[in-house]
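Single-letter residue listing:
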Amino acid sequence: MNNLRGVPIVDAMKSAPFDCLVLSPGELDGGAVALAAARAGGVGVVDISRCRATESDDVMARLQRLIAQAPEDSRIGLRLNLGQAVWARPMLDALANRPHLLILLGAPQPDALDRFGGAPGRRILAEVTSVEQATAWSAAASGLAKSDFGGTIVAGSEAAGWCGGSTGFILLQALLKAGFASVFVRGGLGEHGAAACRAGGCAGVVLDDQILLMPESPLPDAWRLLLERADGPDATLFGEHLDLRCRLFGHPAFVALRELAAQESAIDLAAAPMAERRAFWRSAVEARLRFAPPGNAVWPIGQSIGLAANFRRHYRTTGRAVQAVMGATRAHIELARKLAPLGAGAPLAGSHGLRFPIVQGPMTRVSDNAGFAKAVAVAGALPMLALGVMPGTQVEVLLTEVAARLGTLPWGAGVLGFMDPAIRSEQLLAVKKVRPPFAIVAGGRADIAEELEAAGIRTYLHVPTAALLKSVIQRGLKRFVFEGRECGGHVGPLGSLALWEVMTETLLAQIPAKNAGEFHILFAGGIHDARSGAMVSAFGARLAERGFKIGVLMGTAYLFT
């Protein structure tokens, strides 16, 4: 548990190089976004990956305007598919004599990569959706000069367009553990998430959805209206059964979404080999995938679309957003180093009588015995028994035994809010009779949390969306679990980075500093070691500075102890 503090990683990473890349839709006139990002010290990237060869003259004209307007020492670039190398050659040549970046997509092929290397000031990043794909890219790029190949961008399951099965939080950790030296993250990120990525050893972040409502965005006003109230869950995932995922804007105005869903079902059920079905699926998506009128297109939109309106309110321009994100990464890491919010004796730990601000997540048929609970408690964390679907009599026996064995050590019980009401009523009677010091309620059932709080049991509530968080704050609840999709069991719609970002911003907006100390917040999903602990420390640094008591909830991390 001591390894979760992550302070050595926070110290080591606070001075490492870090970049902010900003994507602009190349099928539209996106030069203003890229120019603003470049002028602000980021990297302005024109995304031509969805453009057709027939558009090459228009795309070239936009790129030439960007090159002419961008300061010579600023950084701009292109995002494109390997298969676009031939018709994009004039654009690559136009960039050759200035600092620039290429983000390459597609299945890596050594001979194809040879077409991209060798230009002065060129840096190549490969965008990947899995560790396996990153490994293939690394092998394919072995013939390029080290100065040419600059690293990997992970597009986790939160990301817009083609994305991975694992979240960015998980993929980043996996690639760094595997020895990849320069890793970037695209999807679900705001300033808190960017700071977390930097603290964990990330080389930079990529913004796309977040800037779509900025004044420099090339989206027409009518299209912007569709995104004004969009939230993370509005980014719908397609292609999961085919293991070829694409996240798209799930607004009813997009008739092509229904057609695409029907095609996905037909392809999934077809008798053809999987490789052939996946090829059909990719063709079906790419025929529609672009920013175009909703009637015949599907938009690549990720879970960070829920941050777009907030970005516009807070930062007003793309350039200010870039500078804010870059500045926040440094400030958050310094705060994390100073406050050590996951260290021994941190405020949440002190509030609960623990050594560490760590709560063990309830796991049915794992954390439903007294021996497990005592081992966790003796080590300095807060054990939570999983009551599952136990009848009330069995719950009472278990709780009584744990109370006797743990004595004054803190412990609690985990209740499922979405189970059979009769069994749940029996369990609640037993819990209120034995009265463990703590409880966790899964399923967002505020009424159950209120019932347990009224019985004198300090109760955490799983809260999966910002709308529900605002509601339960108004009801007076003050202990919450923010559980990303990385968690085991029943989870909400958002990955950890996207969920934690919107929840953190909600708390900072809703709760004044004078009341912040009354709130206890547990981050959950993909947390298990020093690196992930460092990332949470940086992510929650602003909350800790405000006075919120923060900690982590871990379940899966205990399975092999």
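The structure contained in this document is the topic of the report that follows. (Residues numbered from 1 in each chain as written. Predicted model: local features only at pLDDT ≥ 70, side-chain atom pairs only at ≥ 80, totals over all residues. Heavy atoms only, no water.)

### A word on the packing of aromatic side chains
Any aromatic ring pair is given by two values, namely how distant the centres are and how the planes are angled relative to each other.
Here comes step 1: Applying the stated criterion across every chain yields a total of 14 aromatic pairs.
Here comes step 2: Grouped by ring-pair contacts, the aromatic residues Phe169, Phe482, Trp500, Phe523 and Phe539 constitute a single cluster.
Here comes step 3: One residue, Arg282, lies across the ring of Trp162, its end atom 4.5 Å from the ring centre. (Phe/Tyr/Trp six-rings, centres within 6.5 Å; stacked < 30°, edge-to-face > 60°. Lys NZ or Arg CZ within 6 Å of the ring centre and 35° of its normal.)

### Quick look at the layout of surface pockets
Here comes step 1: As a volume, the largest pocket reaches approximately 1000 Å³.
Here comes step 2: Looking at the largest pocket, it is lined by 41 residues, and the ones nearest its centre are Asn81, Leu105, Gly106, Trp162 and Arg282.
Here comes step 3: When residues of the lining of the largest pocket are traced back to their parent elements, those giving at least two are β1 (19–25), β3 (75–81), β5 (122–128), β7 (161–163) and α11 (274–286).
Here comes step 4: When grouped by side-chain class, the residues that make up the lining of the largest pocket number 16 nonpolar, twelve polar and 13 charged.
Here comes step 5: Lining the second largest pocket are 32 residues; nearest its centre among them are Pro362, Met363, Glu483, Gly488 and Gly489.
Here comes step 6: Put simply, the parts of the chain that give the lining of the second largest pocket at least two residues each are β14 (412–416), β15 (438–442) and β19 (549–554). (1 Å grid on protein atoms, 1.4 Å probe; cavity = no way out; pocket = protein on both sides within 12 Å on 5 of 7 lines; lining within 4 Å. Points joined across faces, edges and corners; volume = space filled by probe spheres on them. Helix = DSSP H or I, 4+ residues; strand = E, 2+ residues; numbered from the N terminus. Nonpolar A, V, L, I, M, F, W, Y, C, P; charged D, E, K, R; others polar.)

### What about the side chain of Arg79?
Here comes step 1: Here Arg79 is to be found in strand β3.
Here comes step 2: A relative accessible area of 7% places Arg79 in the buried class.
Here comes step 3: Only 2.8 Å separates the side chain of Arg79 from the side chain of Asp47, close enough to count as a polar contact.
Here comes step 4: Apart from residues no more than four positions distant in its own chain, Arg79 is found in contact with Leu23, Val45, Val46, Asp47, Ile48, Ser49, Arg50, Ile103, Leu105, Glu127 and Arg186. (Buried < 20%, exposed > 50% of the residue type's maximum accessible area, 1.4 Å probe, protein only. Polar contact = N/O pair within 3.5 Å; in protein donor to acceptor, adjacent residues only side chain to side chain. Contact = heavy atoms within 4.5 Å.)

### Things to note about the sheet that holds β1
Within a beta sheet, neighbouring strands are joined by backbone hydrogen bonds and run either parallel or antiparallel to one another.
Here comes step 1: Overall, parallel pairing links the eight strands, which are arranged β1-β2-β3-β4-β5-β6-β8-β9 in a closed barrel. On average, each strand axis in the sheet is tilted by 25° relative to the strand beside it, whichever way the strands run.
Here comes step 2: Bridge count between β3 and strand β4 (residues 100–105): six bridges; the pairing is parallel. Its bridge partner being in β4, Gly77 is matched across the sheet by Leu101.
Here comes step 3: Helix α6 (residues 131–140) contacts β4, β5 and β6 (149–155) of the sheet and is inclined by roughly 150° relative to β5. (Pairing = 2+ DSSP bridges. Axes fitted to C-alpha atoms, helices over the stretch in contact; angles between N-to-C directions.)

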